[in-house]
Amino acid sequence: MIGAGSWGTTFGKILADGGAHVTMWARRPELAHEIAEAKRNSQYLPGVNLPRAMTATPHLSEALEGAEQVYLSIPSQAVRQNLTALRPLLSTSDVPIVSLMKGVEQRTGLRMSQVIEQGLDCDPARIAVASGPNLALEIAREQPTAAVISSLSLETAEAVARRARNRYFRSFVNTDVTGTEFGGVLKNLIAVAIGIVDGVGYGENTKASIITRGLVEMTDFAVAFGAQPETLQGLAGLGDLIATCQSPLSRNNTAGRLLGQGYSFQNVVKQMQQTAEGLASVAPILQLARGAGVEMPIVEQVKRVLDGTMDPRDIAPHLTTDDDTPQGERTQNGTTGRGGALRRALERALDQLRHGGGSASGDRP
């Protein structure tokens, strides 16, 4: 496990509780020592006891020695730099590389699996991504939840899913890497919006409206880049969106709440002890959306709040459109009503025929 923050340590615990021996790599020697000797990570997971099958080291080569699977849990904007150090250590290996990150690279707009493919110069079939309603502290406390493991190779996804499961954590699989990754990225942006209106003091109606319309934006965007719409209705989309938007444990929700309370973007970054990936992803996602002709009014207004050009109190009244013309309620990929439902049913039937009776994109146990 490369990275010993809250999510990396929690996922290490998931693997260890499922029977794996886990070696964590921690950048700071004192953190590695605490995990290895005290079986604690008091900074990121206070009060949580870690399994005996977990150890840690500040040395990358030691962490990777004999590894059967490698998991990456580092801030998305630091991934490429870390891959430079990892590449020579993995050059003779063909083990699965699993991304636990939910962000896009600011400079390139690439998803994390794409950055990993470039940085390690490896076969994309070796790469898997994990996503879902996964708030670290809840899982570290062994509260039951599920995730989806996605890879272009179903064999890779299933190999990772077999490891990433235990009595409180269940992994499903799909092969829609684009949808799974963008679901994890885009829900962060909607969670920032939810935090903003929460900080302002708006109630549940406002938040429910944003979540619902936010899912439409997420689906429109992801489908425009080749994702399956069903993926956004699953664990990596709707599931993660609900968890991230409603929980005070969410970093993105917390960042938005501070913005709604009047703190500037710079002050919010200073106050956050951990990375809120949504803040870094707003600009590159909007650049990609504009290039693909996808409208994302909620995310556009989040950016205006971040830039200081919109009062947070003004974000809710005109979330969906500045046009007074009544619009149909699109609920998935630009479709409304029975026609959209029929089209999706036909698409699913064709997909099942193409894949011998089973959908390649749906989350499967």
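Here's a quick rundown of the structure. Just so it is clear, the structure is predicted and the values come from calculations on it, not from any experiment. (Residues numbered from 1 in each chain as written. Predicted model: local features only at pLDDT ≥ 70, side-chain atom pairs only at ≥ 80, totals over all residues. Heavy atoms only, no water.)

**Some points on the sheet that holds strand S4 (residues 97-99)**
Within a sheet, neighbouring strands are paired by backbone hydrogen bonds and run either parallel or antiparallel to one another.
Part 1 of the reasoning: One open sheet holds the five strands; their spatial order is S3-S4-S5-S6-S7, and the pairing between them is mixed. Sheet topology places strand S3 (70-72) and strand S7 (169-174) at the edges, where each strand pairs with a single neighbour. Between one strand and the next, the sheet's axes are offset by a mean angle of 25 degrees, whatever the strand orientation.
Part 2 of the reasoning: The sheet contact formed by strand S5 (residues 127-131) and strand S6 (residues 145-151) spans four bridges and is antiparallel. Bridge assignment links Val129 to a residue of S6, and that residue is Ser150.
Part 3 of the reasoning: Each of S3, S4, S5, S6 and S7 is contacted by helix H7 (residues 154-163), which is oriented at about 150 degrees to S6, the strand it contacts most. (Pairing = 2+ DSSP bridges. Helix = DSSP H or I, 4+ residues; strand = E, 2+ residues; numbered from the N terminus. Axes fitted to C-alpha atoms, helices over the stretch in contact; angles between N-to-C directions. Contact = heavy atoms within 4.5 Å.)

**Thoughts on helix H4 (residues 79-90)**
Part 1 of the reasoning: If you check which residues of H4 are buried, you get Val79, Asn82, Leu83, Leu86 and Leu90. Looking down the long axis of H4, one finds its buried residues gathered within 100 degrees of arc, a one-sided arrangement. Seen from the buried face of H4, the exposed residues on the opposite side, beyond 90 degrees, are Gln81, Thr84 and Pro88.
Part 2 of the reasoning: Residues of H4 that are buried sit in contact with strand S1 (22-25), helix H3 (60-64), S3, S4 and helix H5 (112-120). (Buried < 20%, exposed > 50% of the residue type's maximum accessible area, 1.4 Å probe, protein only. Arc of directions from axis to C-beta.)

**Remarks on empty space enclosed by the protein**
Part 1 of the reasoning: One pass over the full model with this rule turns up one cavity of 30 Å³ or more.
Part 2 of the reasoning: Looking at the largest cavity, its volume works out to about 70 Å³.
Part 3 of the reasoning: Met101, Lys102, Gly103, Arg111, Met112, Val129, Ala130, Ser131, Thr180, Glu181, Gly184 and Val185 are the residues that line the largest cavity.
Part 4 of the reasoning: Where the lining of the largest cavity is concerned, the elements lending two or more residues are S5 and helix H8 (177-200). (1 Å grid on protein atoms, 1.4 Å probe; cavity = no way out; pocket = protein on both sides within 12 Å on 5 of 7 lines; lining within 4 Å. Points joined across faces, edges and corners; volume = space filled by probe spheres on them.)

**Concerning the packing of aromatic side chains**
Part 1 of the reasoning: Across all of its chains, the model carries six aromatic pairs by this definition.
Part 2 of the reasoning: Each ring, one from Trp7 and one from Phe11, has its centre 5.3 Å from the other, and the planes form 80 degrees; the classification is edge-to-face. Separated by four residues within a single helix, Trp7 and Phe11 lie in helix H1 (residues 6-17), roughly one turn from each other. This pair shows no difference in class: Trp7 is buried, exactly as Phe11 is.
Part 3 of the reasoning: Relative to Phe225, the ring of Phe221 lies with its centre 4.8 Å away and its plane at 35 degrees, an arrangement referred to as tilted.
Part 4 of the reasoning: Overall, the relative accessible area of 0% leaves Phe221 in the buried class.
Part 5 of the reasoning: Among the aromatic residues, those joined into a ring-pair cluster are Trp7, Phe11, Tyr71 and Phe169. (Phe/Tyr/Trp six-rings, centres within 6.5 Å; stacked < 30°, edge-to-face > 60°.)

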